[in-house]
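Structural characterization, general
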Amino acid sequence: MADQHPKPLAGKVALVTGGAKRLGKAAGLALAKAGADVAITFLASAKEAQQTAKQIENLGVRALAVPCDVTDPKSVRAAIAAVVRKFSGLDILINSAGRYETVAFDQLSLQQWDTIFATNVRGPFLVSKEALPHLRKRMGRIINLGSLGGVRPWASHAHYCSSKAALHMLTKVMAKALAPAIAVNCVAPGMIDLGEKAAADFMKRMAKQTPMQRNGTAADVSAATLFFASAPHFITGHILVVDGGLGL
Ligand SMILES: NC(=O)c1ccc[n+]([C@@H]2O[C@H](COP(=O)([O-])OP(=O)(O)OC[C@H]3O[C@@H](n4cnc5c(N)ncnc54)[C@H](OP(=O)(O)O)[C@@H]3O)[C@@H](O)[C@H]2O)c1
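To keep things clear, this report deals only with the structure shown in the data block.

Conventions used here
Residues numbered from 1 in each chain as written. Predicted model: local features only at pLDDT ≥ 70, side-chain atom pairs only at ≥ 80, totals over all residues. Heavy atoms only, no water. Helix = DSSP H or I, 4+ residues; strand = E, 2+ residues; numbered from the N terminus. Rg over C-alpha atoms; globule rule 2.2 N^0.38 Å. Buried < 20%, exposed > 50% of the residue type's maximum accessible area, 1.4 Å probe, protein only. Areas by Shrake-Rupley, 256 points an atom, 1.4 Å probe, with all protein chains shown as cover. Pairing = 2+ DSSP bridges. Axes fitted to C-alpha atoms, helices over the stretch in contact; angles between N-to-C directions. Contact = heavy atoms within 4.5 Å. Near = heavy atom within 4 Å. Polar contact = N/O pair within 3.5 Å; in protein donor to acceptor, adjacent residues only side chain to side chain. Nonpolar A, V, L, I, M, F, W, Y, C, P; charged D, E, K, R; others polar. Phe/Tyr/Trp six-rings, centres within 6.5 Å; stacked < 30°, edge-to-face > 60°.

1. Remarks on the overall build of the protein chain
Each helix and strand in the protein chain was counted, giving seven helices and seven strands. Along the chain direction, N to C, the helices and strands of the protein chain fall in the order β-α-β-α-β-α-β-α-β-α-β-α-α-β. In summary, the protein chain has a C-alpha radius of gyration of 17 Å against a globular reference of 18 Å for 248 residues, a match within 12%. If one aligns the C-alpha atoms of the protein chain with their principal axes, the spans along those axes are about 50 × 45 × 40 Å. Taking all 248 residues of the protein chain together, the buried fraction comes to 52%. Roughly 12,400 Å² of accessible area belongs to the protein chain as shown, and the carbon and sulfur atoms make up 58% of that amount.

Take a look at the structure:
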């Protein structure tokens, strides 16, 4: 039977922060395949962002790559303005830009703590706030990228885990505060294998500990993001862990 909704996001405009590479890129491409026009932001990865934008355009939708430091209000304001100028509105915001770092608790500096929180919590707060008027006009959606680390304590990631736990709570608070205009949800990936050679042994060990006997893929995470991007607007305030059962 033919799919009745091959392009469920046709006519929609999506913005993915940190969308040049890795999971953000995968989310942007998935949204584009579903028919959305897609803007991505980049910080250092200008070249990769242009390549990703090209790949998005090759899927038959419009694309835009804009620089943005999510910790800087001015930069966030300029990025949202550029997106709205190009696409005349915004329906879906994916807060994917983030930082990850492994540091033993005793070695964790205040600066490391603040940098992680500035990117992983203040960033999504700033970007969401700036996007609000546009999302409200379109009964839009916000999807935050949390982490299994925001649910489970990892000893050498106190700042990261705490920041993602804060982002999970921000998701729930925004879901309540912004209803009924905006649905807010969170995708919380577990161990995701993005093919890095240096992590291969670790990934093997983690797959063995995972009930589903494998690590996640970018496609697993994008599928969850796409679900919230196209689900009934009534679904709000959820943290969807994508971890193959690792956190159970
Ligand atoms: N990969 C995983 O296994 C995994 C697991 C759990 C949760 N997550 C979460 O899922 C999201 C995406 O994962 P990922 O692995 O794709 O993330 P990532 O590679 O660690 O970071 C994504 C992008 O964030 C951007 N970024 C960092 N600081 C920024 C800032 N101050 N302003 C704007 N952009 C900034 C970087 O852009 P530039 O490259 O342009 O500098 C980077 O490419 C993240 O929030 C991550 O914490 C990932």
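2. So, the sheet that holds strand 5 (residues 141-145)
Taking strand neighbours across the sheet as the criterion, the seven strands line up as 3-2-1-4-5-6-7 in an open arrangement whose pairing is parallel. Two strands in the sheet have a free side with no partner beyond their single neighbour: strand 3 (63-67) and strand 7 (239-242). Direction aside, neighbouring strands of the sheet carry axes that sit 15 degrees apart on average. Pairing analysis gives five bridges linking strand 2 (residues 37-42) to strand 3, with the strands arranged parallel. Bridge assignment links Val38 to a residue of strand 3, and that residue is Ala63. Lying on the sheet, helix 1 (residues 22-33) is in contact with strand 1 (13-16), strand 2, strand 4 (92-95) and strand 6 (183-189); it crosses strand 1 at an angle near 175 degrees. Contacts from helix 3 (residues 73-87) reach strand 1, strand 2 and strand 3, with the element oriented near 160 degrees to strand 3.

3. Describing the site of the ligand
Around the ligand, 27 residues are found, and the nearest of them are Arg22, Leu43, Ala44, Ser45 and Val70. At 2.8 Å from an oxygen atom of the ligand is found a main-chain nitrogen or oxygen belonging to Ala44. At 2.9 Å from a nitrogen atom of the ligand is found a main-chain nitrogen or oxygen belonging to Val70. Among the elements that make up the shell around the ligand, the one with the highest residue count is helix 1 (three residues). Residues belonging to the shell around the ligand are distributed by class as follows: 12 nonpolar, 10 polar and five charged.

4. Quick notes on the packing of aromatic side chains
Counting across every chain of the model gives four aromatic pairs. On the basis of an interplanar angle of 15 degrees and a centroid distance of 4.9 Å, the ring pair of Trp113 and Phe117 is categorised as stacked. Of this pair, Trp113 and Phe117 both sit in helix 4 (residues 110-137), four residues apart, which is roughly one turn of the helix. Its relative accessible area of 28% is what places Trp113 among the partly exposed residues.

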